[in-house]
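# Descriptive analysis of the structure
Chain by chain, the residues run as shown.
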Amino acid sequence: MFSPCRNPERWAAATRLLPFALVTVLAVVANNASAQQDTAAPEAQHGPNQVFVTGLFPNGGAPPPQDPIGARFEGNKLAIAAGEELFSQMNCTGCHFNGGGGMGPALMSGHWRYGGRIDQIYASIAQGRPSGMPSWQESLEPQQMWDLAAYVKSMSVAAFPSSSHSTEPGTSVKP
Amino acid sequence: MKTYAWIGRASPSAKAGPGGNRGEFTAWDPVEGKAVWTIKEDLPLWSGTMATAGGLVFYGTMDGWFKAVDAKTGELKWQFRTGSGIIGQPVAYRGPDGHEYVAILSGVGGWAGAIVAGDLDPRDPTGALGMNGVMADLKMKTAPGGTLYVFALPKS
């Protein structure tokens, strides 16, 4: 159904706006196109192989190559969204809050105790870590732990600047 | 696929009260039931306090200042910048040489100090049950530590 405006001035204004309307339609189409890529949710039936949690290797060896499975999850919007939901549902927020940390360490600071690669994050979730982090491999499927790892990985941003003193320690100042 | 209970998004928040200062040091008159003097402190006061027979009261701040104030008036008499925030308890004792010493542990921590001690990220104000939002500046004001400072009173 299309009925032109009876008011000619309005009709002229609408015609002038037509190119913008077309551009908007094109933009919506483009958005849908990029969203199409993310509808392909990555799947996994198992965790990564050979995850290391230290930068030390015997005889100056190199770290093992990353399991390609992790690359499918890293940066994937659907995996990150699913991981974010799990992050609340499994009460990860109870210790890590929204990435800033609390009882548990910060996850967005870029400082990693057991490695910040997505397969290392997976291993920390699956295996648990000392002093509080439980192991989740008995209660979560590998797919869910990959989603969680993708979300945790997505939180990480550049480190916060370290402290600075206005007055050097060890100084006595007269009031 | 398993299903899980919805626990909810953690979004606690906290902020400084009226006046904007996050701590204050108050001398109470328990008989009259009122404050005699009050020192407003920018950061929360997490340290213990100690009054001496010499008429001084000692306390420490979370940015590392160890302070001595006049017990009667609250006037600042002396302060010393230690290496880390103070949440410890000042102690005075008579040494084997018969002189008086004042000791304080410097090393920030506790709930309000967790942002430094636990290397939390101040960009998430909900962290540490909302204390991250209150203490977001502490990383710029002090560093983790663990040092015992002992001061000798002037020998007269």
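Everything numeric here is computed off the predicted structure, so don't read it as measured data. (Residues numbered from 1 in each chain as written. Chains lettered and ligands numbered in written order. Predicted model: local features only at pLDDT ≥ 70, side-chain atom pairs only at ≥ 80, totals over all residues.)

### Quick look at the overall build of chain B
Stated precisely, the cut-off is as follows: Note on conventions: DSSP H or I runs of at least 4 residues are helices, E runs of at least 2 residues are strands, and numbering of each starts at the N terminus. Each radius of gyration is computed over the set of C-alpha atoms, and the globule rule expresses the reference value as 2.2 Å times the number of residues to the power 0.38. Between the buried cut of 20 or more and the exposed cut of 12 or fewer other C-beta atoms within 10 Å of a residue's own C-beta lies the partly exposed class, and all C-beta atoms are placed from the backbone. The contact criterion used here is simple: two residues whose C-beta atoms, placed from the backbone, lie within 7 Å are in contact.
Broken down by element type, chain B carries three helices and nine strands. From first element to last, N terminus to C terminus, chain B shows the α and β order β-β-β-β-β-β-β-β-α-α-α-β. Whereas a compact globule of 156 residues would reach a radius of gyration of roughly 15 Å, chain B reaches 19 Å, over 25% beyond that. The 156 residues of chain B split such that 35% are buried. Within chain B, contacts between residues separated by at least 24 positions form 44% of all contacts whose residues are at least 6 apart in sequence.

### Focus on the packing of helix 3 (residues 77–89) of chain A against helix 6 (residues 142–155) of chain A
Two measures define how a pair of helices packs: the angle their axes make with one another and the distance between the axes. Residues and elements named next belong to chain A. Rule in force here: A fitted line through C-alpha atoms represents every axis, and for helices the fit uses only the stretch in contact; the resulting angles, taken between N-to-C directions, go from 0 to 180 degrees. Should an angle fall under 35 degrees it is taken as roughly parallel, and over 145 as roughly antiparallel, whereas 65 to 115 is taken as roughly perpendicular and any remaining angle as oblique. Residues are grouped as follows: Ala, Val, Leu, Ile, Met, Phe, Trp, Tyr, Cys and Pro are nonpolar; Asp, Glu, Lys and Arg are charged; every other residue, Gly included, is polar.
Between helix 3 and helix 6, whose axes approach to 7 Å, the crossing angle comes to 95°. One finds that helix 3 runs roughly perpendicular with respect to helix 6. Packed against helix 3, whose contacting residues are Ala79, Ile80, Ala82, Gly83, Glu84, Leu86 and Phe87, the element helix 6 presents Gln144, Trp146, Asp147, Leu148, Ala150, Tyr151 and Ser154 at the interface. Residue composition of the contact of helix 3 with helix 6, grouped by class: nine nonpolar, three polar and two charged.

### Regarding the confidence of the model for chain B
Residue and element names in this part refer to chain B. To be explicit about the condition: Residue-level confidence of the predictor is what pLDDT reports, using numbers from 0 through 100.
Mean pLDDT over chain B: 91, with 93% of residues reaching 70 or higher. The low-confidence segment residues 1–8 (pLDDT under 50) makes seven contacts with residues lying over four places distant or belonging to another chain. Quick note on the complex model: pTM equals 0.74, ipTM equals 0.75.

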